[in-house]
Amino acid sequence: LSRRLATLHDYVHLPEPVVQRFAQVVPGLADWDLCRINPMAFATRHGFSANEVVDLLVASTKAGIFDVEWNHVCPACGAIQMTRDSIDRLESSDMRCELCDLDVHVALDDEVEVAFTINSSVRQLAVDPFAHAMDYQRYFFSSSFERKPEVRQYIQSTLIDFVPLPPGRTGKIEATFEPDVTYRVVSLDSHAVIWLRPAEEGAHDVDVELLPEGLARTEYTVAPGRVNVHLHNGTHRKVAFSLMRIDWDHLMDLLERYPHQRHPFLSAKRLLNSQVFRDLFRVQTTEASLHLQLRSLTLLFTDLKGSTALYDRVGDLEAWRLIQDHFRVLSRVVREHSGAIIKTMGDAIMAAFSTPVDAVEAAIDMLAAMDELNRTSSQDVLGLKIGLHEGPAVAINADQRVDYFGQTVNIAARVQALADAGEIVMTDTLYRSVGVANILGRLDAVRSEMEAELKGVSQKTLVIRHARVPTGLRPPVAFVPTG
């Protein structure tokens, strides 16, 4: 572990004290704390910034210290429906939460959480999810979901028995079933639910058989009184069954009065927009059909004004140097604002951010950074044009890298074409996102709006232009729309 931690500087550009403190924290963690680490909770608990922890854990995965897990999570109950070890193995279709008895639309924004577990070659964890019902729930529910004590107490009161079964083994639960009460046998690890519904002429013996392809039967009628539930694990792995009493009305009432709280977590979307992740990892699938949904993605396009004429004015070598300097400046700003450069096109970039606020702050800082670059350059000729838009998108595989596709990408590129040097142009959709207007108050700019006809877009698009007054930036103030 010490040897691998010492290699982190090869993968991530962070201050030496940050890496050293991380190397001190990790060896002292308990086994459960090293299992499915929530990076946001880790950052809060140990005094790091969220971006630092994400970069450190991603680099640690490349160094063989941690393994990354992509977990499909039900947004209603927090049950982990599926775990994958790489993004190219994620399911793109909707999933079904048998526990909630509902279909869940899968998107990278909220339904896919990314967690990290210590690699087994570094440390063998004494974590057994099947040792106890509480450990079982702790492992198969996301740690980002916090249930109120009243709900936790009720759920515990409904649990009648918990039976782990090794492969090929059988077990039995004996219980007294009340009249007019529905029961369920639940296997969280197998996403299997068997309904036991009351009936006077129902059975007193029930056979529950779990096979590799699923349950042999999912519903039974049971008589009130003493009932034997026979369990058979026909799979090749260890599973567990819980017998639970169901009172939907009471549960729904509790959830309405005491809704769960969801704490910050690392979404798949945010990890895909991490520059360190994009630099270190490739999409391994050879399938061109990889497509994963995002409900909201903010895209930023830039371009340089007059870059073609630049080669004539200063010569090829000097022009190339200036453009590379500009790329380094933009890359630094994008990274600082939790974004990632998706690709470069000539002297233009396409960058992605998880939130509109991050993208707009990056756009403002890009202009300031370009001012500084021009001041230190012998050729004050680089004028940056920026366009932004926010909306749904699809993540696809493009030459073993994640790229984004869809109308949101098209609109963002077309909006950038409307900008002039030193201007930020964005769609009204993005401008009206929470916090954006106030952030723009940092920019000395003349605001105007117009309806633009964008190629490939059937209706006119309302865009907001901020033509900067070239006097630099001033402290943040509330922005008051004009015009």
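In the block above lies the structure referred to throughout.
Residues numbered from 1 in each chain as written. Predicted model: local features only at pLDDT ≥ 70, side-chain atom pairs only at ≥ 80, totals over all residues. Heavy atoms only, no water.

A. Broad picture of the overall build of the chain. Scanning the chain for helices and strands turns up 15 helices and 24 strands. For the C-alpha atoms alone, the extent of the chain along its principal axes is close to 90 × 55 × 40 Å. For the chain, the proportion of its 483 residues judged to be buried stands at 52%. Nonlocal contacts in the chain, meaning residues at least 24 apart in sequence, comprise 72% of its contacts between residues at least 6 apart. When the accessible surface of the chain is split by element, carbon and sulfur atoms take 50% of a total near 22400 Å². Averaged over its 49 positive side-chain charges, the chain has a centre that lies 4 Å from the centre of its 64 negative ones. (Helix = DSSP H or I, 4+ residues; strand = E, 2+ residues; numbered from the N terminus. Buried < 20%, exposed > 50% of the residue type's maximum accessible area, 1.4 Å probe, protein only. Contact = heavy atoms within 4.5 Å. Areas by Shrake-Rupley, 256 points an atom, 1.4 Å probe, with all protein chains shown as cover. Lys, Arg positive; Asp, Glu negative; His and termini not counted. Charge placed at Lys NZ, Arg CZ, Asp CG, Glu CD.)

B. Structural context of the pattern of salt bridges. Here the structure, examined in full by the defined rule, presents 27 salt bridges. Across the pair Glu 69 and Arg 36 runs a salt bridge whose closest N-O atoms are separated by 2.8 Å. Taken together, the residues span a long stretch of sequence, with Glu 69 in strand β1 (residues 66-73) and Arg 36 in the loop between α2 (16-25) and α3 (39-46) at a distance of 33 residues. Judged by relative accessible area, which is 13%, Glu 69 ranks as buried. Where Asp 325 meets Arg 328, a salt bridge forms, and the shortest distance between an N and an O atom there is 2.3 Å. With a gap of three residues between them, Asp 325 and Arg 328 both fall in helix α11 (residues 316-336), about one helical turn apart. We classify Arg 328 as exposed; its relative accessible area is 53%. Residues joined in a network through salt bridges with shared partners are Arg 96, Glu 98, Asp 101 and Asp 103. (Salt bridge = Lys/Arg side-chain N within 4 Å of Asp/Glu carboxyl O.)

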